[in-house]
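An overview of the molecular structure
Chain residues, written in single-letter form:
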Amino acid sequence: MNNNPKKQSNSIFIPVKHLETIKVFEKKSDCDIWNAFNKGDEMAFNYLYRTYVQELYQFGSQYSRDSSLVKDCIQNLFIYLRRRRGELSEVTNIKGYLFRSIQREIIRSIKANTSLKGVEDDFLDGQFQIEVSPEVSLIQSESEVERKRQVKHGIDQLTTKQRKAILLFYEEELSYKEIAEIMNFSEVKTARKLIYRALASLKECIKPTGE
């Protein structure tokens, strides 16, 4: 798994300044980085925060348009992790672990701050809306505006699980195995089938250029 932080044009949080920290950890495995953090290595904690905070914000923003709520949830997550250092279980996929964690934190926060306290998580999960990015290969064409409209329309027709899987696969570039873990599937093939079916549905909504 590539641990290098993605380049972001508009960072919501503090820019990466501690290049030495990046150099120390960028070639290490997720397991080694997590173990270092769990043992109290402050540089490892800083690396985790600066590497994943922007991606967590983008992912969390699919659940809530309240940027303050999303930021608070991210801060709460890292505060929790820091307090629990030395007690945390082993993690071999940091990004997947953090995505699952922020997903739970945001849903918990939404339920705690609204009249949805008694609502099942599946209902809140249904609010998940994907933002179509120009980087998604499906919409890179001469008629990009029209294709983007078609893709957005197609995405709106997908199920919640299909939308989430598409985001994780294309936007976050996660593997089928990682997607299965985040979405709590017992088998990797379930994630693969979900994405294949979602792509088939999207293909029906995208007309060839010139039609």
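Residues numbered from 1 in each chain as written. Predicted model: local features only at pLDDT ≥ 70, side-chain atom pairs only at ≥ 80, totals over all residues. Heavy atoms only, no water.

Here the focus is the packing of helix 4 (residues 67–83) against helix 5 (residues 94–113). Interaxial distance between helix 4 and helix 5 falls to 9 Å at its minimum, and their mutual angle equals 120°. Taken together, the axes of helix 4 and helix 5 are oblique relative to one another. Seen from above, helix 4 lies across helix 5 with right-handed handedness. Where helix 4 approaches helix 5, its residues Leu69, Val70, Cys73, Ile74, Asn76, Leu77 and Leu81 are matched on the opposing element by Tyr97, Leu98, Ser101, Ile102, Glu105, Ile106, Ser109 and Ile110. (Axes fitted to C-alpha atoms, helices over the stretch in contact; angles between N-to-C directions. Helix = DSSP H or I, 4+ residues; strand = E, 2+ residues; numbered from the N terminus. Parallel < 35°, antiparallel > 145°, perpendicular 65-115°, else oblique. Left-handed = near helix turned anticlockwise from the far one by under 90°. Contact = heavy atoms within 4.5 Å.)

Turning our eyes to something else, we now look at the packing of helix 2 (residues 30–38) against helix 5. One way to put it is that helix 2 packs onto helix 5 with a least axis distance of 9 Å and a crossing angle of 60°. In terms of orientation, helix 2 lies oblique with respect to helix 5. For the pair helix 2 and helix 5, the contacting residues are Asp30, Ile33 and Trp34 in the first and Ile94, Lys95 and Tyr97 in the second. Its residues assigned to classes, the contact of helix 2 with helix 5 shows 4 nonpolar, no polar and 2 charged. (Nonpolar A, V, L, I, M, F, W, Y, C, P; charged D, E, K, R; others polar.)

So, to be careful, I would describe these as geometric facts and stop short of saying anything about function.
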